Amino acid sequence: MTARQHRSGLAAAGILALALTASACGTGGGTGGTAAKGNANPNASKPECTPFKAFQGHSGTHVSIYTSILDTEADNYVASFKPFEDCTGIKIDYQGSSDFEAQLNVKVAGGNAPDIAFLPQPGLLQRFAKSGKLKVAPKADEANVDANWSPSWKGYGSVDGKFYGAPMSANVKSFVWYSPKEFKAKGYTIPTTYADMLTLSDKIVASGHKPWCAGVASGAATGWTATDWLEDIMLRTAGPDVYDQWVNHKIPFNDPQVVKALDMVGGILKNNKYVNGGFGDYKSITTTTFQNGGLPILKGTCSLHRQASFYSNQWPKGTKVAVDGDVFAFYFPVIDPSKGKPVDGGGEFVGAFSDRPEVQAVQTFLSTDTYANTRVKPGGWLSANKKLDVSLLLTPIDKTSVQILQDPKAIFRFDASDQMPAAVGSGSEWKGLTAWLNGKDTKPVLDDIEKSWPKS
C-alpha cells in the first residue's frame, strides 16, 4: 500500500527462509537500548531480567503503541510485552483499531500521534518519514537490524538513506484454508494446480454447496483482502518480473496483464455459484468482515477461504488448526509452472513518532532476538529475524509457512499494495476493488486506480 519506487521485489524465499532456518536463539537482547537517566526498577536485579539490562532507567514511564491488530493476535502481543514491562518498569499502552490507517493519519495530523505504530505498509512508513513526522530510529535499533535481518528488509524501513523502522513480523499470504475433516469425509484431495482447485470448486458446487467464502470489510481498510487475491494471481500469471514492474509503475496499473489477473480473480469472487458460502451472493463479500470471512468452514457452509498465515488467530478458541484438525491451509497453487512457485507475503515495521528515551528503549527492544523468541511462542506469528529459534515454532501452520519459504522453487515477493504509494495501495485500490466486488467492471476500476497514481 505504499511506495517502493526504488525497490524491485525481494529476491526471495531465501530472505525469510534463511531467517527462519537460523538456529541460534540468543537471549541477550541484541545490541542494547537507550538506558539513560530515569527511575530505577526494583525488579532489575532479578535473574530473569538480565536480558533487559540495557533498557533500564525508565521505570514509571508509559509508551503508547497503535496498530491494526485486534482480537487474539492483539492479546498475544500484549502478553509478549509483559516480561519487558516487569523488568524495566516501562508500561506499554497497546491500542488496536480496525480503522488504523485512517485514524493514524488523523492522530498524526492532529498532533496526537502515538509514540509507536506498527506499520503494515512500507509506503505508509515512507510517507510519514518524508513528511518529517516519523523519527529516525536509534542507532541501537539499526544495529540490531543490520545484524539480524537481510539488507532487503532494512531497505523497506529506510527512506533517503535514513533508517526509520525495524521489521518485526512476517507472514505468508498464499494460503487457502479448508476443513481436513470435510476433505476426508468427502474424498477431496488438496489441489496442486489452479486448474485442480477450480475442478474441486465445481465438485463442491455439484454437491449443493458454495465452495468459497470471503470477506473484505475492515473499517476504513475495507478492500485490503481483495488486493492479496490480485497479487497472488499476478505472480502466477504474469510472473515475478512483471509483478515488480507493476509495483514500481513501470507498467500501468491498468495494463492488460493486470486486467487478465483481476478477471481471473473475478472467476471465483464474482461467481455466485462459488461465493459467498455461508453469507449470501458475491456482493456480500463487501459487508463480511475480514475476521469472519472464513468462519463458515467450521459450519460446513463453505469449504475454501484464501487468507494469510495470520488468519490462524481468527479461529474461535478451541479450534484445532492442524492437518488432522478442524481447519488447516494449503499453498495457493500455481497457474503457470514456468513462473515458478510464487509466494506473496508481508510484514510490519516499528515506526516511532517520538524519540523520548523510554520510546527508543521499547523501539529497540522490539528489534531484538529476545523479543522475537518471546512473541513467537503462542504461534500465529513469524519473524524474519535471523536469530529466531525455529524450535519455538510449535503450530503446524507456522511450520508449513517455513516449509513454503524454504522450498527452493519458491519465489517470495512482498505484498504489492504495501509497496505502492499509499494513495494507491491503501487508497484507490482498496476502494476500487470494493466497488468491483459490488458489481463495477474490471477495466473502469483499474483505469481509476491508474489515474490515482501520484505524478511525482
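Structure: above.
Reading guide: rules and limits
Residues numbered from 1 in each chain as written. Predicted model: local features only at pLDDT ≥ 70, side-chain atom pairs only at ≥ 80, totals over all residues. Heavy atoms only, no water. Disulfide = S-S within 2.5 Å. Helix = DSSP H or I, 4+ residues; strand = E, 2+ residues; numbered from the N terminus. Buried < 20%, exposed > 50% of the residue type's maximum accessible area, 1.4 Å probe, protein only. Pairing = 2+ DSSP bridges. 1 Å grid on protein atoms, 1.4 Å probe; cavity = no way out; pocket = protein on both sides within 12 Å on 5 of 7 lines; lining within 4 Å. Points joined across faces, edges and corners; volume = space filled by probe spheres on them. Nonpolar A, V, L, I, M, F, W, Y, C, P; charged D, E, K, R; others polar. Axes fitted to C-alpha atoms, helices over the stretch in contact; angles between N-to-C directions. Parallel < 35°, antiparallel > 145°, perpendicular 65-115°, else oblique. Contact = heavy atoms within 4.5 Å.

Novice: Could you give an account of the state of the cysteines, with specific residues and numbers?
Specialist: This model, assessed by the stated rule, comprises two disulfides. A sulfur-sulfur separation of 2.0 Å characterises the disulfide bridge that pairs Cys49 with Cys87. Residues Cys49 and Cys87 are joined by a disulfide whose S-S torsion is about -75°; by sign, that bridge is left-handed. Here Cys87 lies in helix H2 (residues 71–88) and Cys49 lies in the loop between helix H1 (13–21) and strand S1 (62–67), a separation of 38 residues in the sequence.

Novice: Before we move on, could you go through helix H4 (residues 122–130) and cite the residues and values that matter?
Specialist: Taking burial as the measure, the nine residues of H4 include seven buried ones, the bulk of the element. Inspection of H4 places Pro122, Gly123, Leu124, Leu125, Gln126, Phe128 and Ala129 among the buried residues, and these make up the whole buried set. One or two steps after H4, the chain reaches Gly132, where phi turns positive at roughly 80°.

Novice: So what about unusual backbone geometry? Which residues, and what values?
Specialist: Cis peptide bonds are those with omega within 30 degrees of zero, and the linkage from Val275 to Asn276 qualifies with 10°. In this fold, Asn276 is placed in the loop between helix H11 (256–269) and helix H12 (296–299). The phi dihedral of Asp160 is positive, around 50°, even though this residue is not glycine. Looking at where Asp160 falls in the secondary structure, it is placed in the loop between strand S4 (158–159) and strand S5 (162–163). Phi is positive for His249, close to 60°, though the residue is something other than glycine. Relative to the helices and strands, His249 is located in the loop between helix H10 (240–247) and H11.

Novice: If you had to explain the sheet that holds strand S8 (residues 305–306) to someone new, which residues and values would you point to?
Specialist: Spatially, S8-S7-S9 is the arrangement adopted by the three strands of the open sheet, whose pairing is antiparallel. Bordering the open sheet on either side are S8 and strand S9 (328–331), each of which pairs with just one other strand. Of the pairings in the sheet, the one linking strand S7 (residues 175–178) to S9 comprises four bridges and is antiparallel in character. Pairing of Val176 across the sheet is with Phe330, part of S9.

Novice: Outline the layout of surface pockets, supporting the account with residue identities and numerical values.
Specialist: Size it by volume and the largest pocket reaches roughly 570 Å³. Lining the largest pocket are 34 residues; nearest its centre among them are Ser68, Pro120, Trp224, Phe310 and Glu348. Listing elements by their share of the lining of the largest pocket, those giving two or more residues are H2, helix H3 (100–109), strand S6 (166–172) and strand S10 (341–352). Of the residues in the lining of the largest pocket, the class split is 14 nonpolar, 13 polar and seven charged. If you add up the space inside the second largest pocket, you get close to 320 Å³. Considering the residues around the second largest pocket, the lining is formed by 16 residues, among which Thr72, Ser312, Asn313, Trp315 and Val321 are closest to the centre. Secondary-structure elements contributing two or more residues to the lining of the second largest pocket are H2 and helix H15 (396–406).

Novice: Describe the packing of helix H9 (residues 224–237) against H10, and please don't skip the residues or the numbers.
Specialist: Two numbers describe how H9 lies on H10: the axes approach to 7 Å, and their chain directions differ by 135°. Overall, the two elements H9 and H10 adopt an arrangement that is oblique. Contacts between H9 and H10 involve Leu230, Glu231, Met234 and Leu235 from the former and Pro240, Val242, Tyr243 and Trp246 from the latter. Of the residues contributing to the contact of H9 with H10, the split by class is seven nonpolar, no polar and one charged.

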